[in-house]
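Given next are the chains, with one letter for each unit.
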Amino acid sequence: MANNPFLEKFRPYISDKVNDMRELTITPLIVGTLLGVVFGASSLYLVLKVGLTVSASIPVAVISITLFRILSKIGVRDATILEHNIVQTAGSAGESIAFGVGVTMPAIMILGFDLEIWRVTLVAVLGGLLGILMMIPLRRALIHDQHGILKYPEGTACAEVLKAGASEESRAASEIATTGEDSAAAKGGLIISIGFAVGFLYNTVMKVFAGWKEYPEKQFGDTFRGGSISLENNPALLGVGYIIGPKIAGIMCAGGVLSYLVLIPMIKYFGSGSAAPLLPETAKTIADMSISDIQKGYILYIGAGAVAAGGIISLIRSLPIILHGLKGGLADFRGAAKLAEGTDHPRTDRDLSMRLVVIGILVLIVVITFVPALKMNLLGAILIIVFGFLFVTVSSRLTGEIGSSSNPISGMTVATLLLTSLVFLLVGWTAPDPYFVTALSVGGIVCIAASNGGTTSQDLKTGFWVGGTPWKQQIAILVGALVSALVLGPILIQLNSSSTVYQEVEPTAFVQGFSVPADELLTSGGELVAERPGGYVGESDQQNYRVWHNKDPKRGPVGRYLVNMQGQPAYLVDPGINGVLKQTQTGVNAQGEPTFQNVDKYDAPKATLMSYIIEGILSQQLPWGLVLIGVMIAVVLEMCGISSLAFAVGVYLPISASTPIFAGGLVRFAVDKIVRRRLDGKGMTEEEVQAETDKSPGVLIASGYIAGGALAGILLAISAVYMKDTLEMFLAWSTAMNPFFDGPNSDWLAMLPFIALALFLYFVGRGALFNGKRPGVE
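The model shown is predicted, which means the values in this text are computed figures rather than measured ones.

A. Broad picture of the overall build of the protein chain. Counting its regular elements, the protein chain contains 28 helices and 11 strands. Every one of the 778 residues in the protein chain was classed for burial, and the buried ones make up 59%. Contacts spanning at least 24 positions in sequence make up 79% of the contacts within the protein chain whose residues lie at least 6 apart. Carbon and sulfur atoms provide 63% of the accessible area of the protein chain, an area that totals close to 31,100 Å².

And the structure:
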């Protein structure tokens, strides 16, 4: 390629002539991998809740600097900047894998199949490793040769954090003078740790001790029947709103306002006079339906249509960028392929052996093709190779141009599923078993590969700036991705099962004498699937039942059922992911009345979108009237110049999930006004000002809120079955004695802890606490 003036002037923080500095050592690798699991788990929680994730690299880097600085005070050797780079490299893999897993794998269950642990784990492992290996041949062309042309904003920002917190040993070895911000970097780690502790304790007090109401709500009276507003008391969602900023948070909450303050009241107003249920609902009239029933029966389909249209419009809008990235990426790949294997490159320009990379890719493809759990065939494997290479190349380049936050991974996944489903339709593969699972396996592996390809690019750019060794980073991210993938699959399964509710089928739910056709019962390997009910009902009923997924609302309520040997639906199985029943029976009190416990539900908006694409193309079994209303909502927004995808997600989600995100966006708006006022007159560009606000203490403590709040939610969901008696004891006490949890004033009293949490975020963000360096203050 032509001479690159940026590259000619570039010097890494640690010179390529320094060959004896510690880098890929066991302790940083373990620390990075463990942090990757923590942030991967929190990202999985978020993508299931609201369809969003946030970058983990900078929080992991800050935690690494702080942790090793503390350990050095008690006699443990401080980490070098290259070891910190290994920590953030291994730690960033979990977040990108979590996004792919949470976007695609729950769709298998939504489509009526079991969420098998081996299937989820294999998709996570194979997609994660494939994305990294496919990106490695592009590393030299993208990261080295196009330095200064492709910016890689997150990778560059992470490198600045690492340089600011470099150890004395690293500074002595560097030829570049630093600004001496060591204490500020360590202070950032303290702020993240405080945010983590606050988020974790907040959710623990609320969920274990029933300290205050989790979902404060206001339902309006007869003059505005059906109208309501509510809030999920969740520090993780508050943190997400702060990080994504007021614009996206506001658009997302506006979607919730449309659903809960416009559409549901309209349905109540116009439909209450109907004497019969209105399809797709079959059991209740609109007059008898609660707000939750209407949201489940009608709004979910409208929201899913809006999300599908928003995703496809986003893909179409991104096509010029994607095609540009593909053209440049293919040229980069051809250029990289021409490099001689035996060329003697300096330490900072050495990749893993291309021979090992190619062998690794081939082994993964063979495993993908022949492992039974994926229900893969040769055509599916070919599609994975084609789409995987295409979108890893595109993602790796686009993250350099527009950053990871703007990288259209969802659009690439939508394109993969659309094209795969259309190919299957053309060859006549429309049967749900196995082709729904095959299509989702293709989409899941490609989604995770593309996401991890972009993450790998950012990590390698960080290494390029600080003088890391590429092949050592590549080993670190392979290890981090493998461990995170092995852990995230079981976490996904447990989150779903711990919040699954078994409810006896009401006699009026189906027509009297209805019997499930034998050919519709769920099978696996040619055998009928047997399942026992869980939860409280499972304690008294140990029988085995057949499994059936009803998709026809004319028969009865849509959902998964346990069917007795006579073919009659006995139990509705409401899953934790995409389910609607938020309480499960835990027993019977002394008066013979049933007792209930709240359970978390995960709406998984992006996974619902993926399931609708497959089902809509291969089986056409959707309530198209409602879906098309959602499509038209997205089209109207685009005609008004508003990006429809964030709004559509808000339409689909309960408004309780959007309001804390909106509150976080408002806090960010207030903090940014103060930061920008301090930066006035400094001659900074808008990009530099934005970068300064992104490094504020508020972003760090919001990251802590996310990790701490999400991890508490995951651990409590997993351990709920073992803490049943303890939870019931605290629940009974709070119901009787705690006005923040139950009683006439509980809804507004429960807002007070959330307001305190938001105020703490505001004061930390503006630099009023911890005496940290304020943004814009020298």
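B. View of the pattern of salt bridges. Going through the model one piece at a time under the given rule, you end up with 20 salt bridges. Between Asp16 and Lys17 there is a salt bridge whose closest N-O contact spans 4.0 Å. The exposure class assigned to Asp16 is partly exposed, which follows from its relative accessible area of 26%. When its relative accessible area of 69% is taken as the criterion, Lys17 is described as exposed. Taking the shortest distance from any N to any O, the salt bridge between Glu169 and Arg22 comes out at 3.3 Å. In this pair, Glu169 sits in helix H9 (residues 168-173) while Arg22 sits in the loop between helix H1 (5-9) and helix H2 (26-50), placing the two residues 147 residues apart along the sequence. Judged by its relative accessible area of 16%, Arg22 is buried. Counted as one network, the salt bridges with shared partners bring together Lys49, Lys207, Glu214, Glu232 and Asp600.

C. Region of the structure containing the packing of helix H4 (residues 81-104) against helix H20 (residues 605-618). Where H4 contacts H20, the two axes come as close as 6 Å, and the packing angle between them is 50°. By the criterion of interaxial angle, the relationship of H4 to H20 is oblique. Residue-level contacts link Phe99, Gly102 and Val103 of H4 to Lys606, Ala607 and Met610 of H20. Of the residues in the contact of H4 with H20, the class split is four nonpolar, one polar and one charged.

D. Quick peek at the side chain of Thr659. Looking at the secondary structure, you find Thr659 in helix H23 (residues 655-679). Once residues within four sequence positions are removed from consideration, Thr659 is found in contact with Ile229, Ser230, Leu231, Glu232 and Cys253.

E. A look at the sheet that holds strand E7 (residues 545-550). The strand order E3-E9-E8-E7-E6 describes an open sheet built from five strands, whose pairing is antiparallel. Because the sheet does not close on itself, it has two edges, and the strands there are strand E3 (501-504) and strand E6 (530-531). Bridge count for E3 against strand E9 (residues 569-574) is four bridges, and the pairing is antiparallel. The partner of Glu504 across the bridge, within E9, is Tyr571.

F. Region of interest: the nonpolar core. Leu44, Leu48, Val101 and Leu492 are the most contacted members of the largest nonpolar core, which totals 150 residues. With 14 residues, the single largest contributor to this core is helix H17 (residues 432-466). Setting aside anything within four residues of it in sequence, one finds Leu44 in contact with Ala98, Val101, Gly102, Leu488, Ile491 and Leu492. Within the second largest apolar cluster, 51 residues are counted, among which are Tyr13, Ala56, Ile192 and Tyr762.

G. Focus on H23. The first and last C-alpha atoms of H23 sit 36 Å apart over 25 residues, in line with the 36 Å expected at 1.5 Å per residue. Looking at the residues trailing H23, positive phi occurs at Gly681, about 85°.

H. A look at the packing of aromatic side chains. Under the criterion given, the structure shown has 17 aromatic pairs. Their ring planes at 5° and their centres at 5.1 Å tell us that Trp429 and Tyr435 sit as a pair that is stacked. Given the relative accessible area of 23%, Trp429 is considered partly exposed. Between Lys582 and the ring centre of Tyr215, over which it is positioned, the NZ or CZ distance is 5.2 Å.

I. Inspection of the pairing of strand E8 (residues 559-563) at higher detail. Among the five residues of E8, five are classified as buried, and the element is accordingly described as predominantly covered. Bridging between E7 and E8 involves five bridges; their strand directions are antiparallel. The residue bridging Trp548 from the neighbouring strand is Tyr561, located in E8. Bridge count between E8 and E9: four bridges; the pairing is antiparallel. Among the inter-strand pairings, Val563 is bridged to a residue of E9, identified as Pro569. Linkage of E8 to E9, two consecutive antiparallel strands, is achieved through a turn of five residues, within which Gly567 is found at a positive phi near 85°.

J. Representation of a nonpolar patch on the surface in the model. Where nonpolar side chains cluster on the molecular surface, the patch consists of Trp748, Leu752, Ile755, Leu759 and Phe763 and spans about 480 Å² of accessible area. In terms of residues, the nonpolar patch owes the most to one element, helix H28 (residues 751-765), which gives four residues. Mapped onto the fold, Trp748 is located in helix H27 (residues 746-749).

K. Focus on helix H21 (residues 624-639). Spanning 16 residues, H21 covers 22 Å between terminal C-alpha atoms, matching the ideal 22 Å at 1.5 Å per step. Of all the residues in H21, the buried ones are Leu626, Val627, Gly630, Ile633, Ala634 and Leu637. For H21, the angular spread of the buried residues around the axis is 110°, confining them to a single face. In H21, the exposed residues that point more than 90 degrees away from the buried face are Gly625 and Met639. Immediately beyond the C-terminal end of H21, within one or two residues, lies Gly641, with a positive phi of roughly 80°.

L. Structural context of the environment of His144. Checked against the element boundaries, His144 lands in helix H7 (residues 139-145). Using a relative accessible area of 22% as the deciding quantity, one classes His144 as partly exposed. For His144 and Asp349, which are 205 residues apart along the polypeptide, the C-alpha to C-alpha distance reads 7.9 Å. If we ignore the near neighbours within four places in the chain, the residues touching His144 are Leu7, Arg139, Asp349 and Phe464.

M. Just the environment of Val599, in detail. Secondary-structure assignment places Val599 in the loop between strand E11 (594-598) and H20. Sequence-distant contacts of Val599, that is, excluding residues within four places in its chain, are made with Ser499, Val501, Leu581, Lys582, Gln583 and Thr584.

N. A look at the confidence of the model for the protein chain. Scored by pLDDT, the protein chain has a mean of 82; 89% of the residues are at 70 or more. Per-element mean pLDDT across the protein chain ranges from 66 in helix H24 (residues 686-694) up to 94 in H28. The model gives residues 772-778 a pLDDT under 50, and that stretch makes 18 contacts with residues more than four places away or in other chains.

O. Expanded view of unusual backbone geometry. Here the phi dihedral of Lys375 falls at roughly 50°; this positive angle occurs in a residue that is not glycine. Secondary-structure assignment places Lys375 in the loop between helix H14 (354-370) and helix H15 (378-402). Backbone geometry places Ala604, a non-glycine residue, at a positive phi of 45°. Mapped onto the fold, Ala604 is located in the loop between E11 and H20. In this structure Ala604 comes out as buried when scored by relative accessible area, which is 1%.

The rules behind these values
Residues numbered from 1 in each chain as written. Predicted model: local features only at pLDDT ≥ 70, side-chain atom pairs only at ≥ 80, totals over all residues. Heavy atoms only, no water. Helix = DSSP H or I, 4+ residues; strand = E, 2+ residues; numbered from the N terminus. Buried < 20%, exposed > 50% of the residue type's maximum accessible area, 1.4 Å probe, protein only. Contact = heavy atoms within 4.5 Å. Areas by Shrake-Rupley, 256 points an atom, 1.4 Å probe, with all protein chains shown as cover. Salt bridge = Lys/Arg side-chain N within 4 Å of Asp/Glu carboxyl O. Axes fitted to C-alpha atoms, helices over the stretch in contact; angles between N-to-C directions. Parallel < 35°, antiparallel > 145°, perpendicular 65-115°, else oblique. Nonpolar A, V, L, I, M, F, W, Y, C, P; charged D, E, K, R; others polar. Pairing = 2+ DSSP bridges. Core = buried A, V, L, I, M, F, W, Y, C linked by side-chain atoms within 4.5 Å. Expected span 1.5 Å × (residues − 1). Phe/Tyr/Trp six-rings, centres within 6.5 Å; stacked < 30°, edge-to-face > 60°. Lys NZ or Arg CZ within 6 Å of the ring centre and 35° of its normal. Patch = residues over 30% accessible without salt bridge, like charges linked within 9 Å, V, L, I, M, F, W, Y side chains within 5 Å. Arc of directions from axis to C-beta. pLDDT = per-residue confidence, 0-100.

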